[in-house]
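Below are the chains, spelled out letter by letter.
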Amino acid sequence: MKEYSLTDISLLMEKCGVDDPMQDYIRECVSFHTFPAAGLLIAAFMVDLALEKMGARPGEKLYAVSETPKCAPDALQVIVHATLGNHRLRIVETGRFAITINRYSEGVRAEGIRVFIDGGKVKQYPTLWLWYTNDPAFKGSVSGEKLLEEILCAGRGILAWEKVRVRFSAKKKWASRICPSCGEMAPAEGFENGVCRGCGRMAYYDKAPTEVP
Ligand SMILES: [Zn+2]
């Protein structure tokens, strides 16, 4: 199955009548993500819709939640500049394909806009429906032409939005502690059985022999 290039995507966007600012968003997202995944394109439309409903200015400092770790975080990182690194992007794995954007708030609630997929509207797009429902009959790739064309032509047509109050917890103070196992510094509250999580439950590597040149 052929993977779509940026040029192919531009042609499809023209065919579907995607407006210029949205085209720019999508091209930036695809470059960052390295390929035009279905979820990425949908998320780009979601972010655009949320920004419009918020009346957000370009470059405004915003916070975001992605309800999936797949694709959608990249649209938020590229378009909103709410990143995992700057701590303005949270991933709350609800299993739904949805995003929320909000402004900064002093309290533990912030007014925001949540955008999600309206399943009823997806039904009119046969390939997209198979992908959306993870139907075993879906044979294409996440970058198949028919799927991408349906997404680009649907645009906001498969989305719905709502006003929400985003909950978050206030920042906690933390103390650091040296782990007796690895000798590295880590937050004390994360220690388990006297060692840091990296030496415990969250260990993700084994030491490899160091080659001497
Ligand atoms: Zn350790």
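Chemist: Explain the overall build of the protein chain here, please?
Modeler: Counting secondary structure elements, the protein chain contains 7 helices and 7 strands. When its helices and strands are written in sequence order, the protein chain yields α-α-α-β-α-β-β-β-α-α-α-β-β-β. Put simply, the protein chain has 213 residues, and 31% of those count as buried. When contacts within the protein chain are restricted to residue pairs at least 6 apart in sequence, those whose partners lie at least 24 apart make up 60%.

Chemist: What should I look at first to understand the domain arrangement of the protein chain in this one?
Modeler: Accessible area lost during the coming together of the parts is what is often quoted as the interface size. Domains assigned within the protein chain are domain 1 (6-167) and domain 2 (172-213). Taking the mean C-alpha position of each, domain 1 and domain 2 sit 36 Å from one another.

Chemist: What's the story with the sheet that holds strand β3 (residues 98-102) in this structure? I'm lost.
Modeler: The pairing of strands in a sheet happens through backbone hydrogen bonds and is either parallel or antiparallel. Here we have 5 strands laid out as an open sheet, ordered β2-β1-β3-β4-β5, and mixed in their pairing. With one partner strand each, in any of the chains shown, β2 (89-91) and β5 (159-167) form the two edges of the open sheet. With direction set aside, neighbouring strand axes in the sheet form an average angle of 20°. Strand direction decides the pairing type here: strand β1 (residues 63-66) and β2, joined by 3 bridges, are parallel. Bridge pairing in β2 links A64 to L89. Along the sheet face, helix α3 (residues 38-54) touches β3, β4 (109-117) and β5 and points at about 30° away from the line of β3. Docked against the sheet, helix α4 (residues 72-80) engages β1, β2 and β3, running at close to 165° with respect to β1.

Chemist: Whenever I open this one, the nonpolar core confuses me. Can you help?
Modeler: Soluble globular proteins tend to pack their nonpolar side chains together in the buried interior. With 51 residues, the main nonpolar core has A44, V47, A75 and I99 as its most contacted residues. Here the element with the most residues in this core is α3; it accounts for 11 residues. Ignoring any residue separated from it by four or fewer positions in sequence, one finds A75 in contact with C29, L40, A43, A44, M46 and V47.

Chemist: Sorry, what's going on with α4 here?
Modeler: Side chains that are three or four residues apart share a direction in an α-helix, a result of its 3.6 residues per turn. Along α4, 9 of the 9 residues are buried, which leaves the element largely enclosed by surrounding structure. Every buried residue of α4 is accounted for by A72, P73, D74, A75, L76, Q77, V78, I79 and V80. Count one or two residues on from α4 and you reach H81, which has phi positive near 60°.

The rules behind these values
- Residues numbered from 1 in each chain as written.
- Predicted model: local features only at pLDDT ≥ 70, side-chain atom pairs only at ≥ 80, totals over all residues.
- Helix = DSSP H or I, 4+ residues; strand = E, 2+ residues; numbered from the N terminus.
- Buried ≥ 20, exposed ≤ 12 C-beta atoms within 10 Å, placed from the backbone.
- Contact = placed C-beta atoms within 7 Å.
- Domains from an automatic or database assignment.
- Pairing = 2+ DSSP bridges.
- Axes fitted to C-alpha atoms, helices over the stretch in contact; angles between N-to-C directions.
- Core = buried A, V, L, I, M, F, W, Y, C linked by C-beta atoms within 7 Å.

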